[in-house]
Amino acid sequence: MQMRSYLGRSRGLGSANEGVHHWWMQRLTGVALVPLSVWFVFAAAGLVGADLTEFKAWVGRHGNPVMLILLTVAMFHHTVLGMQVVIEDYVHSETAKVVSLTVVNLLAWLCGASCIFAVLRLTFGG
Amino acid sequence: MANQNRPLSPHLQVYRPQITSFLSILHRATGVVLAIGALFFTYWLLAATYGPAKFAAAQALFGSLIGQLVLWGFTFSVFYHLANGIRHMAWDAGWGFELDRLRITGWLTIVFAAAMTVLTLVVAYSAAGGA
């Protein structure tokens with residue numbers, strides 16, 4: 001038996017009114033993170049023991065600033081989407097849930113902006 | 001009002017541990033670990049903007065015994081979460097739900113994550129040796 005209205009079905013947004021947006025963005029950022037994270041892990045492994053001069057040279061080299069900024073955006077977006085599901089599963093008090101979702105979101109914005117600022121500063125700054 | 005005493009569905013502890021459930025839990029656990037890793041990533045980049053001393057302190061922290069262990073954990077988490085994420089996308093496409101395929105892809109995921117972690121450690125320790 002069809003319990004939903006034709007309008008609701010054709011809109012396809014479901015009970016949370018956001019459709020597949022969360023699912024799709026999780027996949028999209030996940031796909032982006034496949035090359036970005038592999039690149040970063042091996043690059044970081046090569047920076048063991050580097051001093052600031054060597055580190056700055058690496059950050060500013062060729063496409064590295066762009067890769068680092070893309071990594072930052074995809075990583076924090078993906079993290080927020082994933083942590084949201086974890087919080088929704090385990091935090092049952094409505095207040096605690098809203099507070100922790102807000103904290104995770106704002107912390108991700110703060111860290112993400114800080115990373116992008118740091119990459120730009122290390123690339124262009126003296 | 002919801003009845004707080006209503007029966008619950010059988011939970012984790014009544015099931016025999018299986019590779020499917022274990023890897024599912026590991027996916028979430030590594031995801032949470034990597035959320036913490038993102039904070040360390042931020043600290044590393046920011047430390048560099050505060051000058052040579054702060055950056056050297058960050059490098060020393062990551063180079064300490066506990067720091068190295070934590071980084072190994074992050075490395076394994078990245079590669080496990082990545083491989084199992086691809087497994088999830090195969091399921092999204094409708095592929096790989098048969099039990100034998102679940103077990104094969106599950107073990108492949110573990111082997112991939114372990115091998116890539118070892119490979120990363122080789123690169124890291126040869127960089128440390130060369131520096």
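1. A closer look at the overall build of chain B
(1) Moving on: Per the secondary structure count, chain B includes four helices and zero strands.
(2) Moving on: The C-alpha radius of gyration of chain B comes to 20 Å, more than 25% above the 14 Å expected for a compact globule of 131 residues.
(3) Moving on: With the C-alpha coordinates of chain B rotated into their principal frame, the extents come out at 60 × 45 × 25 Å.
(4) Moving on: Scored against the burial criterion, the 131 residues of chain B give a buried share of 27%.
(5) Moving on: Sequence-distant contacts, at least 24 apart, represent 72% of the contacts inside chain B between residues at least 6 apart.

2. Structural notes on the overall build of chain A
(1) Moving on: Scanning chain A from N- to C-terminus turns up five helices and zero strands.
(2) Moving on: Traced from its N-terminal end to its C-terminal end, chain A shows the element sequence α-α-α-α-α.
(3) Moving on: Relative to the 2.2 N^0.38 estimate, which gives 14 Å for 126 residues, the radius of gyration of chain A is 20 Å and therefore markedly larger than a compact globule would have.
(4) Moving on: Burial status across chain A gives 25% buried among its 126 residues.
(5) Moving on: Across chain A, the fraction of contacts at a sequence separation of at least 24, relative to all contacts at a separation of at least 6, is 72%.

3. What about unusual backbone geometry?
(1) Moving on: A positive phi is found at H62 of chain A, a non-glycine position, where the angle reads about 40 degrees.
(2) Moving on: A residue is classified by how many C-beta atoms lie within 10 Å of it, and H62 of chain A, with 7 of them, is exposed.

4. Overview of the packing of helix α3 (residues 52–60) of chain A against helix α4 (residues 64–90) of chain A
Residues and elements named next belong to chain A.
(1) Moving on: One way to put it is that α3 packs onto α4 with a least axis distance of 6 Å and a crossing angle of 85 degrees. Here α3 lies roughly perpendicular to α4, going by the angle between them. Here W58, V59 and G60 of α3 come into contact with α4, specifically with N64, P65 and L68.
(2) Moving on: Across the contact of α3 with α4, the residue classes tally to four nonpolar, two polar and no charged.

5. Things to note about the interface of chain A and chain B
(1) Moving on: Of the residues lining the interface, 27 residues belong to chain A; the matching set on chain B comes to 28 residues.
(2) Moving on: For the side of chain A that touches chain B, the secondary structure elements donating two or more residues are α2 (21–45), α3, α4 and α5 (94–124) of chain A.
(3) Moving on: Taken together, the residues of the side of chain A that touches chain B break down into 17 nonpolar, seven polar and three charged.

6. A word on the environment of Y50 of chain B
Residues and elements named next belong to chain B.
(1) Moving on: Looking at the element boundaries, Y50 is found in the loop between α1 (19–49) and α2 (52–63).
(2) Moving on: Residue Y50 is classed as partly exposed on the basis of its 13 C-beta neighbours within 10 Å.
(3) Moving on: Put simply, Y50 and R16 are 34 residues apart on the chain and 51 Å apart in space, counted from C-alpha to C-alpha.

7. Things to note about the nonpolar core
(1) Moving on: Counting residues in each nonpolar core, the largest one holds 43 residues, and the members touching the most others are V119 of chain A together with A38, A48 and F79 of chain B.
(2) Moving on: Of all the secondary-structure elements, those providing two or more residues to this core are α2, α3, α4 and α5 of chain A together with α1, α2, α3 (65–92) and α4 (99–130) of chain B.
(3) Moving on: Per-element accounting of this core gives the leading share, nine residues, to α1 of chain B.
(4) Moving on: Setting aside chain neighbours within four positions, we find A48 of chain B in contact with L52, F55, A118 and L122 of chain A together with F55 of chain B.

8. A look at α5 of chain A
(1) Moving on: The end-to-end C-alpha distance of α5 of chain A is 45 Å, a good match for the 45 Å that 31 residues give at a rise of 1.5 Å each.
(2) Moving on: At its buried positions, α5 of chain A is contacted by α3 and α4 of chain A together with α1 of chain B.

9. A word on the confidence of the model for chain B
(1) Moving on: Across chain B, the average pLDDT comes to 92, with 95% of residues at or above 70.
(2) Moving on: As scored by the predictor, the complex reaches a pTM of 0.90 and an ipTM of 0.91.

10. Details of the packing of α1 of chain B against α3 of chain B
Residue and element names in this part refer to chain B.
(1) Moving on: Running from N to C, α1 and α3 point in directions that differ by 130 degrees, and their axes come no closer than 9 Å. The pairing of α1 with α3 is recorded here as oblique in orientation. As for how α1 packs across α3, the hand of that crossing is left-handed. Where α1 approaches α3, its residues L23, L26, H27, T30, G31, V33, L34 and G37 are matched on the opposing element by G73, F74, S77, V78, Y80, H81 and N84.

11. Looking at α3 of chain B
Within an α-helix, residues lying three or four positions from one another point in the same direction, as the helix has 3.6 residues per turn.
(1) Moving on: With 28 residues, α3 of chain B should cover 40 Å at 1.5 Å per step; its first-to-last C-alpha distance of 40 Å lies within 8% of that length.
(2) Moving on: Looking one or two residues beyond α3 of chain B, the residue adopting positive phi is G94 of chain B, at roughly 90 degrees.

12. Observations regarding the environment of R61 of chain A
(1) Moving on: Tracing the backbone shows R61 of chain A in the loop between α3 and α4.
(2) Moving on: For R61 of chain A and T123 of chain A, which are 62 residues apart along the polypeptide, the C-alpha to C-alpha distance reads 8.3 Å.

What counts and what doesn't
- Residues numbered from 1 in each chain as written.
- Chains lettered and ligands numbered in written order.
- Predicted model: local features only at pLDDT ≥ 70, side-chain atom pairs only at ≥ 80, totals over all residues.
- Helix = DSSP H or I, 4+ residues; strand = E, 2+ residues; numbered from the N terminus.
- Rg over C-alpha atoms; globule rule 2.2 N^0.38 Å.
- Buried ≥ 20, exposed ≤ 12 C-beta atoms within 10 Å, placed from the backbone.
- Contact = placed C-beta atoms within 7 Å.
- Axes fitted to C-alpha atoms, helices over the stretch in contact; angles between N-to-C directions.
- Parallel < 35°, antiparallel > 145°, perpendicular 65-115°, else oblique.
- Nonpolar A, V, L, I, M, F, W, Y, C, P; charged D, E, K, R; others polar.
- Core = buried A, V, L, I, M, F, W, Y, C linked by C-beta atoms within 7 Å.
- Expected span 1.5 Å × (residues − 1).
- pLDDT = per-residue confidence, 0-100.
- Left-handed = near helix turned anticlockwise from the far one by under 90°.

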